[in-house]
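Secondary and tertiary structure notes
Listed here are the chains, written in short residue letters.
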Amino acid sequence: MAEWKEEVALVTGAGSGIGRAAALAFANEGARILVSDVQVKNGEETVRMVREIGRDAEFVAADVSKSTDVEHLVCQAVKLYGRLDFAFNNAGIEGVMATTSDCTEENWDRTLAINLKGVWLCMKYELQHMLDRGRGAIVNCSSVAGLVGFQQLPAYTASKHGIVGLTRTAALEYAKKGIRINAVCPGVIHTAMVDRILAEHPDMSLVAGEPIGRMGTPEEIAESVVWLCSGRASFVTGQALAVDGGWVAQ
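Residues numbered from 1 in each chain as written. Predicted model: local features only at pLDDT ≥ 70, side-chain atom pairs only at ≥ 80, totals over all residues. Heavy atoms only, no water.

A tally of helices and strands in the protein chain yields 7 helices and 7 strands. Listed by position from the N terminus, the elements making up the protein chain come as β-α-β-α-β-α-β-α-β-α-β-α-α-β. Taken against the 2.2 N^0.38 rule, which gives 18 Å for 250 residues, the C-alpha radius of gyration of the protein chain at 17 Å falls within 12% of a compact globule. Expressed along its principal axes, the backbone C-alpha trace of the protein chain runs to roughly 50 × 35 × 35 Å. Of all 250 residues assigned to the protein chain, the portion counted as buried reaches 53%. (Helix = DSSP H or I, 4+ residues; strand = E, 2+ residues; numbered from the N terminus. Rg over C-alpha atoms; globule rule 2.2 N^0.38 Å. Buried < 20%, exposed > 50% of the residue type's maximum accessible area, 1.4 Å probe, protein only.)

Right under this line is the structure:
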């Protein structure tokens, strides 16, 4: 039985991978979905897939590193549906692999702008609408690289650690205002991002680092995101949930 009927979920980076899987998972629980991505064709395909299972969905293109785009995106959710119940701030990039001394300033700035500033901007505007209603749930997409070090990805690792800190801070600020805020920290997930890393660095063996012996799937992360937003997680806030096949445990 679907948990929701009228609730609205906003998902950024929903044109593929974990974001698309999350949009579909929210829809399978009955939510209406506002899909966002910088890749218009991919985002529109996610909308088609959501509608195919009988749920309402709309697409709004947005670059999460730009405040005007994010403000417009969140306002569109309220304009289209009259409410915003859940948000999965998922948009992100891996940046260019390089050691800390070889990481360029351009790569650092771009990765932090999308991954960390983008999550902050999304929360900034999402929270304003959720405060008006006195309830809501937000999940930010961090990574195992937000919990432990990850060689040759200094900007990415810093951005994902930043998301965990930002999540915990905001969770404390809004805990008594009906809004729960958590982060999900995926391990090695079979997505286009991981495929790119492996194509550029064929000598890397990411699967070997997974105690469970395989990559995770976008759907496994999506299930965790939906759970964190659901009433089944009503006492959970300020957490960085590792969904990682045991990566951090080692």
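Here the narrative resumes, following the displayed structure.
Further remarks concern the layout of surface pockets. Considering only enclosed or pocket space, the largest pocket measures out at about 950 Å³ in volume. With 5 residues, helix α6 (residues 192-200) is the single largest residue contributor to the lining of the largest pocket. Classifying every residue of the lining of the largest pocket by side-chain character gives 22 nonpolar, 13 polar and 6 charged. (1 Å grid on protein atoms, 1.4 Å probe; cavity = no way out; pocket = protein on both sides within 12 Å on 5 of 7 lines; lining within 4 Å. Points joined across faces, edges and corners; volume = space filled by probe spheres on them. Nonpolar A, V, L, I, M, F, W, Y, C, P; charged D, E, K, R; others polar.)

The contact between helix α4 (residues 105-133) and helix α5 (residues 154-174) brings their axes to 8 Å, and the two run at 15 degrees. For the element pair α4 / α5, the angle class is roughly parallel. In this structure, the crossing between α4 and α5 has a hand that is right-handed. Listed contacts from α5 to Asn107, Trp108, Thr111, Leu112, Asn115, Leu116, Val119, Trp120, Met123, Leu127 and Leu131 of α4 are Pro154, Ala155, Tyr156, Ala158, Ser159, Lys160, Gly162, Ile163, Leu166, Ala170 and Tyr174. Classifying every residue of the contact of α4 with α5 by side-chain character gives 16 nonpolar, 5 polar and 1 charged. (Axes fitted to C-alpha atoms, helices over the stretch in contact; angles between N-to-C directions. Parallel < 35°, antiparallel > 145°, perpendicular 65-115°, else oblique. Left-handed = near helix turned anticlockwise from the far one by under 90°. Contact = heavy atoms within 4.5 Å.)

Quick look at the nonpolar core now. Grouped together as the largest cluster of nonpolar side chains are 35 residues, with contacts concentrated most on Val11, Phe26, Ile33, Phe88 and Val184. Of all the secondary-structure elements, those providing two or more residues to this core are β1 (8-11), α1 (17-28), β2 (32-37), α2 (40-52), β3 (57-61), β4 (86-89), β5 (136-141) and α7 (218-229). Membership of the second largest hydrophobic core comes to 28 residues, among which are Leu10, Ala87, Ala91 and Leu121. (Core = buried A, V, L, I, M, F, W, Y, C linked by side-chain atoms within 4.5 Å.)

This part covers the environment of Val184. By the secondary structure assignment, Val184 is in strand β6 (residues 179-186). Between the C-alpha atoms of Val184 and Asp244, which are 60 residues apart in sequence, the distance is 9.7 Å. Setting aside residues up to four positions removed in sequence, Val184 forms contacts with Phe88, Val139, Asn140, Cys141, Ser142, Ser143, Ile221, Ser224, Val225, Leu241 and Val243.

Note on sheets: strands pair through backbone hydrogen bonds, and any given pair is parallel or antiparallel. With parallel pairing, 7 strands are arranged side by side in an open sheet as β3-β2-β1-β4-β5-β6-β7. The sheet is open, and its two edges are formed by β3 and β7 (240-243), each paired on a single side. Averaged over all pairs of adjacent strands, the angle between strand axes in this sheet comes to 20 degrees, irrespective of strand direction. In terms of strand pairing, β6 meets β7 through 4 bridges, oriented parallel. In the strand pairing of β7, Ala183 is matched with Ala240. Against the sheet, α2 contacts β2 and β3, and its axis sits at roughly 170 degrees relative to β3. Sheet strands in contact with α7 are β4, β5, β6 and β7, and its direction is about 165 degrees off that of β6. (Pairing = 2+ DSSP bridges.)

Let us now look at the pairing of β2. Counting buried residues along β2, 6 of its 6 residues qualify, which places the element largely inside the surrounding structure. Side chains Arg32, Leu34 and Ser36 project from β2 onto one buried face, and the interleaved Ile33, Val35 and Asp37 project onto a second face that is buried too. Looking at chain direction, β1 and β2 are connected through 4 bridges and run parallel. Residue pairing across strands places Ala9 opposite Ile33, the latter belonging to β2. This β-α-β element, β1 to α1 to β2, shows right-handed connectivity. As defined by bridge partners, β2 adjoins β3 across 5 bridges and the pair is classed as parallel. Each bridged residue has a counterpart across the sheet, and for Ile33 the counterpart in β3 is Ala57. The handedness of the β2 to β3 crossover, carried by α2, is right-handed. (Right-handed = clockwise from strand over helix to strand, strands pointing away.)

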